[in-house]
Amino acid sequence: MIRSLRMRLAVGITVVCVSILGLLGAAIFHGAFELEKELVFALLTEELDVLEQHYRAHEDYRPTQGPSVERYITPTGAEHMLPAHLRDLAPGQHEIDRIGEERHVGVRLVDGARLTVVYDISAYEHREEHYMQHLGILLFLAAASTVLLSYLLSGFINRQLSDLARQVKEMPWDQPQAPLARHGQDEEIAVLAKIGRAHV
């Protein structure tokens, strides 16, 4: 059990501050995860909308491919024309593992055709991981700094009470005593000093 009032104050302040930092960090991490899901959903929906517009305008439209996106238009029932990992996916959005990397897939059925979009967001995820690592380091440093600041702050809060306790402890009880109250003491400490002097 911690007997020092200063240490108890320091521990209490540290626990409160670190708890707040922990909750803040958890909220940020959760928010980033939810933002990623919303971003992927919006990207796939937009890509499928554009692909559908092109298909409705020209049924023989052949979609272009990009460095991070694959687009396919296949007749319904001709799923064998798709890569094997895309053939059995139902309409909607999916998350699949492709050669150890995460891929997000959107599937939509339109007038006898199957529209498929595969999005590779690994570049975004690498940036997100880098950001989260930096955020984790910053939160750790903030929590570590809180320990030192809490100790210093508790010393400032506890200083007058410690001084009063030291004065009482060092009193030569067989001699006339000087007042314990001092100029500049907080009101509560001054009250304790007066009470203590009255009982000497």
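Residues numbered from 1 in each chain as written. Predicted model: local features only at pLDDT ≥ 70, side-chain atom pairs only at ≥ 80, totals over all residues. Heavy atoms only, no water.

A closer look at the overall build of the protein chain
- A count of helices and strands for the protein chain gives 3 helices and 4 strands.
- The burial tally for the protein chain puts 30% of its 200 residues in the buried class.
- About 13400 Å² of surface is accessible on the protein chain, with carbon and sulfur atoms providing 63% of the total. (Helix = DSSP H or I, 4+ residues; strand = E, 2+ residues; numbered from the N terminus. Buried < 20%, exposed > 50% of the residue type's maximum accessible area, 1.4 Å probe, protein only. Areas by Shrake-Rupley, 256 points an atom, 1.4 Å probe, with all protein chains shown as cover.)

Digging into the sheet that holds strand β1 (residues 69-75)
- The strand order β1-β4-β3-β2 describes an open sheet built from 4 strands, whose pairing is antiparallel. The open sheet has two edge strands with one neighbour each: β1 and β2 (92-98). In this sheet, neighbouring strand axes are inclined to one another by 20° on average, regardless of whether the strands run parallel or antiparallel.
- Relative to strand β4 (residues 113-119), β1 runs antiparallel, the two sharing 7 bridges. Within β4, the residue paired with Tyr-72 across the bridge is Thr-116. (Pairing = 2+ DSSP bridges. Axes fitted to C-alpha atoms, helices over the stretch in contact; angles between N-to-C directions.)

Structural notes on the pattern of salt bridges
- All told, the structure shown has 8 salt bridges when counted by the stated rule.
- Between Arg-108 and Asp-49 there is a salt bridge, with the nearest N and O atoms lying 2.9 Å from each other. Taken together, the residues span a long stretch of sequence, with Arg-108 in strand β3 (residues 101-110) and Asp-49 in helix α1 (residues 5-57) at a distance of 59 residues. (Salt bridge = Lys/Arg side-chain N within 4 Å of Asp/Glu carboxyl O.)

Remarks on the nonpolar core
- The biggest cluster of nonpolar side chains holds 14 residues, and the ones touching the most others in it are Leu-44, Leu-51, Tyr-55, Ile-73, Leu-115, Val-117 and Tyr-119.
- Sorting the residues of this core by element identifies α1, β1 and β4 as the ones contributing at least two each.
- Those residues in contact with Leu-115 that lie beyond four places of it in its chain are Leu-48, Leu-51, Glu-52, Tyr-72, Ile-73, Gly-106, Val-107, Arg-108 and Val-110.
- Formed by 7 residues, the second largest nonpolar core is a distinct cluster that contains Leu-86, Leu-89, Ile-96 and Val-107. (Core = buried A, V, L, I, M, F, W, Y, C linked by side-chain atoms within 4.5 Å. Contact = heavy atoms within 4.5 Å.)

Overview of the confidence of the model for the protein chain
- In this model, the protein chain carries an average pLDDT of 78, and 76% of its residues clear a pLDDT of 70 or more.
- The least confident element of the protein chain, judged by mean pLDDT, is helix α3 (residues 187-198) at 51; the most confident is β4 at 91. (pLDDT = per-residue confidence, 0-100.)

Points about the layout of surface pockets
- The computed volume of the largest pocket comes to approximately 190 Å³.
- Lining the largest pocket we find Phe-33, Glu-36, Lys-37, Val-40, Phe-41, Leu-44, Gln-93, His-94, Glu-95, Glu-102 and His-104.
- Broken down by secondary-structure element, the contributors of at least two residues to the lining of the largest pocket are α1, β2 and β3.
- No other element matches α1, which puts 6 residues into the lining of the largest pocket.
- Looking at the lining of the largest pocket residue by residue, the classes come out as 4 nonpolar, 3 polar and 4 charged.
- One number sums up the size of the second largest pocket: a volume of about 160 Å³.
- Together, Tyr-55, Glu-59, Tyr-61, Arg-62, Pro-63, Ile-73, Thr-74, Pro-75, Met-81, Gly-112 and Ala-113 line the second largest pocket.
- When residues in the lining of the second largest pocket are grouped by element, the largest group, 3 residues, is from β1.
- Counted by class, the lining of the second largest pocket contains 7 nonpolar, 2 polar and 2 charged residues. (1 Å grid on protein atoms, 1.4 Å probe; cavity = no way out; pocket = protein on both sides within 12 Å on 5 of 7 lines; lining within 4 Å. Points joined across faces, edges and corners; volume = space filled by probe spheres on them. Nonpolar A, V, L, I, M, F, W, Y, C, P; charged D, E, K, R; others polar.)

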